[in-house]
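# Close look at the chain arrangement
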Amino acid sequence: MSFNIAIDGPAGAGKSTIAKTLAGKLSFLYVDTGAMYRAMAYFFLTHGIPADDESALRAACGDIYISLAYAEGTQRVLLNGTDISDQIRREEVGNMASATSGYPFVREKLLRLQQDLAKENDVIMDGRDIGTCVLPDAQLKIYLTASVRTRAKRRCLELKAKGQACDPAEIEKDIEARDYRDMHREIAPLRAAADAITVDSSEMSIEEVVREIYGLARKAGLEIGICV
């Protein structure tokens, strides 16, 4: 039987970084669901489809095929066979993903693939509705969060590292707006599962969060060697 770890939480809490790091240490399959939603959002953006044009978005879903691949140990996201891993990290793509991920037909497009991966593999999956909707039977559910200010600071550091300008105040506004949309969308809103364990990473390093979640996984029944 596979062992599944579900990590939910708001944008910028460090879900992907933590999940990828822990998956590598445990030799689990890492499934970045947020990247999959971003891939769909990227398609919508590049085809000029507005986030509020439900009929056009629904029709476009039939033209989208998303797959995951690994190159030199790094997960790559393919949209209709083209690697778009770098393009989907842009701020406008994240905002579009937040605005369109609440549509049931968008979620249904990806849900079966995600669940099949979890049945066949030991996985760590992160997103906003993993513990509540995608993997409701996961052995360990984590709600990873951090303050808005901390998340904005982290995002600014990422942008500056890429040579891009950053306005901390604007980033905070974007994060707050995205949090509100994600928490109040009609389909699969962002919330902690009833049996999830909350981990606040505001004052924690990546290594500290990884060790914390590893310890929780051991308590949840994970049988594996020491995670260093």
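Above this text you will find the structure in question.
Every chain is numbered independently, its residues counted from 1 as its sequence is written. Totals for whole chains, interfaces and linings use every residue, but because this is a predicted model, local features are given only for residues with pLDDT of at least 70 and side-chain atom pairs only at 80 or more, for both listing and counting. As a convention, hydrogens and water are excluded, and side-chain values are obtained from all of the structure's heavy atoms.

### Some remarks on the pattern of salt bridges
In what follows, salt bridge is the name for a side-chain nitrogen of Lys or Arg lying within 4 Å of a carboxyl oxygen of Asp or Glu. On inspection of all chains with the given rule, the structure shows 15 salt bridges. Across the salt bridge formed by Asp 86 and Arg 76, the nearest N and O atoms sit 3.8 Å from each other. On the criterion of sequence distance, the pair formed by Asp 86 in the loop between β5 (82–83) and α4 (91–100) and Arg 76 in strand β4 (residues 74–79) is long-range, its members being 10 residues apart. For Glu 172, the salt bridge is made with Arg 149, and the minimal N-O distance between the two is 3.9 Å. Within this pair, whereas Glu 172 is found in helix α8 (residues 168–184), its partner Arg 149 is found in helix α7 (residues 148–161), the two being separated by 23 residues in sequence. In this scheme, a residue with accessible area under 20% of its type's maximum is buried, one over 50% is exposed, and one in between is partly exposed, where area comes from a 1.4 Å probe on protein chains only. What makes Glu 172 partly exposed here is its relative accessible area of 23%. One network of salt bridges, in which partners are shared, links Glu 91, Arg 155, Glu 158 and Arg 178. Segments assigned H or I by DSSP are reported as helices when at least four residues long, segments assigned E as strands when at least two residues long, and all are numbered from the N terminus.

### Here's the deal with the side chain of Arg 38
Take Arg 38: it is sitting in helix α2 (residues 33–46). The buried charged residue Arg 38 lacks any salt bridge partner; its closest oppositely charged side chain belongs to Glu 91, at an N-O distance of 6.3 Å. In this view, Arg 38 contacts Ile 88, Arg 89, Arg 90, Val 93, Gly 94, Ala 97 and Arg 178; residues no more than four positions away in its chain are not counted. The positive count covers Lys and Arg only, the negative count covers Asp and Glu only, and His and the chain ends enter neither. Residues count as neighbours in contact if any of their non-hydrogen atoms are within 4.5 Å of one another.

### Remarks on the sheet that holds strand β6 (residues 123–127)
If you trace the five strands from one edge of the open sheet to the other, you get β2-β6-β1-β7-β8, paired in parallel fashion. Among the strands making up the open sheet, the edge pair consists of β2 (29–32) and β8 (197–200). Taking each pair of neighbouring strands and ignoring which way they run, the sheet shows an average axis angle of 20 degrees. Here strand β7 (residues 140–145) pairs with β8 via four bridges, running parallel. Bridge pairing links Ile 142 to Ile 197 in β8. Of the strands in this sheet, β1 (4–8), β2, β6 and β7 are in contact with helix α1 (residues 15–26), which crosses β6 at around 180 degrees. A strand pair is defined by DSSP finding two or more bridges across the two strands. Angles run from 0 to 180 degrees between N-to-C directions of axes, and those axes are lines fitted to C-alpha atoms, restricted for helices to the stretch in contact.

### Thoughts on the side chain of Thr 145
With respect to the helices and strands, Thr 145 occurs in strand β7. Classification of Thr 145 as buried rests on a relative accessible area of 18%. Each residue touching Thr 145, except ones within four places of it in the same chain, is listed here: Pro 10, Ala 13, Thr 198, Val 199, Asp 200, Ser 201 and Ser 202.

### Remarks on the state of the cysteines
Throughout, a disulfide means two cysteine sulfur atoms within 2.5 Å of one another. Here the structure, examined in full by the defined rule, presents one disulfide. With its sulfur 2.0 Å from that of its partner, Cys 156 forms a disulfide with Cys 166. You can see Cys 156 sitting in helix α7 and its partner Cys 166 sitting in the loop between α7 and α8, a full 10 residues away along the chain. Considering cysteine sulfurs only, Cys 133 is the nearest to Cys 61, which forms no disulfide, with 18 Å between them. In this structure Cys 61 comes out as buried when scored by relative accessible area, which is 6%. For Cys 133, a relative accessible area of 25% gives the class partly exposed.

### Brief notes about the environment of Leu 110
Within the secondary structure, Leu 110 sits in helix α5 (residues 104–120). Once the C-alpha coordinates of Leu 110 and Met 204 are considered, the two residues, 94 residues apart in sequence, prove to be 32 Å apart. In contact with Leu 110, other than residues within four places in its own chain, are Met 36, Tyr 37, Met 40 and Ile 66.

Everything listed here is a matter of coordinates, which is why it stays silent on function.
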